[in-house]
Amino acid sequence: MQEQPDHALTPGLAARVELTVTDADTAQAVGSGDVPVLGTPRVLALAEAATVAATARHLPAGSTTVGTRVELDHLAATPVGRTVTAQARLTAVDRRRLVFEVTVTEGGQTVAEGRVQRVLVDRHRFVERAGQPA
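Residues numbered from 1 in each chain as written. Predicted model: local features only at pLDDT ≥ 70, side-chain atom pairs only at ≥ 80, totals over all residues. Heavy atoms only, no water.

## A closer look at the nonpolar core
Generally speaking, a soluble globular protein has its nonpolar side chains buried in company with each other.
And step 1. Residues Leu38, Leu46, Val84, Ala86, Phe100, Val102 and Val104 are the most contacted members of the largest nonpolar core, which totals 24 residues.
And step 2. Among the elements that take part in this core, helix α2 (residues 40-55) stands out by supplying five residues, more than any other.
And step 3. Not counting residues up to four positions away in its chain, the partners in contact with valine 102 are Ala47, Thr51, Leu72, Gln87, Ala88, Ala112, Glu113, Gly114, Arg115 and Val116. (Core = buried A, V, L, I, M, F, W, Y, C linked by side-chain atoms within 4.5 Å. Buried < 20%, exposed > 50% of the residue type's maximum accessible area, 1.4 Å probe, protein only. Helix = DSSP H or I, 4+ residues; strand = E, 2+ residues; numbered from the N terminus. Contact = heavy atoms within 4.5 Å.)

## Here's the deal with α2
And step 1. With 16 residues, α2 should cover 22 Å at 1.5 Å per step; its first-to-last C-alpha distance of 23 Å lies within 8% of that length.
And step 2. Along α2, the positions that sit buried rather than exposed are Val43, Leu46, Ala47, Ala50, Thr51, Ala54 and Thr55.
And step 3. Buried positions along α2 lie against β1 (14-20), β2 (63-74), β3 (83-94), β4 (97-106) and β5 (109-122). (Expected span 1.5 Å × (residues − 1).)

## Considering the confidence of the model for the protein
Atomic detail in the predicted coordinates should be set aside for any region of low pLDDT.
And step 1. Per-residue pLDDT for the protein has a mean of 93; in total, 94% of the residues score no lower than 70.
And step 2. Here residues 1-7 is a poorly scored stretch, pLDDT under 50, and it has 12 contacts once near neighbours within four places are set aside; other chains count. (pLDDT = per-residue confidence, 0-100.)

Shown next, in the form of structure tokens:
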């Protein structure tokens, strides 16, 4: 894989993904609390899914991105049955580092917001190295 950035990965790429909250998505179910509302780990997973979707069709062959840093404020509770939408927009590209602004909303209310950083990697080499002892 080249160290040069792929010109297709440019700021402004965006995507949105939706999730209708089920019992399996609650803080109780994912172990992040004892209340029956959308758990923060699921909010983060949804935000990351939006970042992946934003760049999926623009990656060089054999490449993928991996998450390296997250800043997320979970601002509002979402009960089971409601649908949340995560939107991610690529705001900066610095060689292999990609920075996204993410927002999760439900019914016009901001549920969460923050930044997700991902790094462009060679998929095969990354998986190979992950399987090696430290």
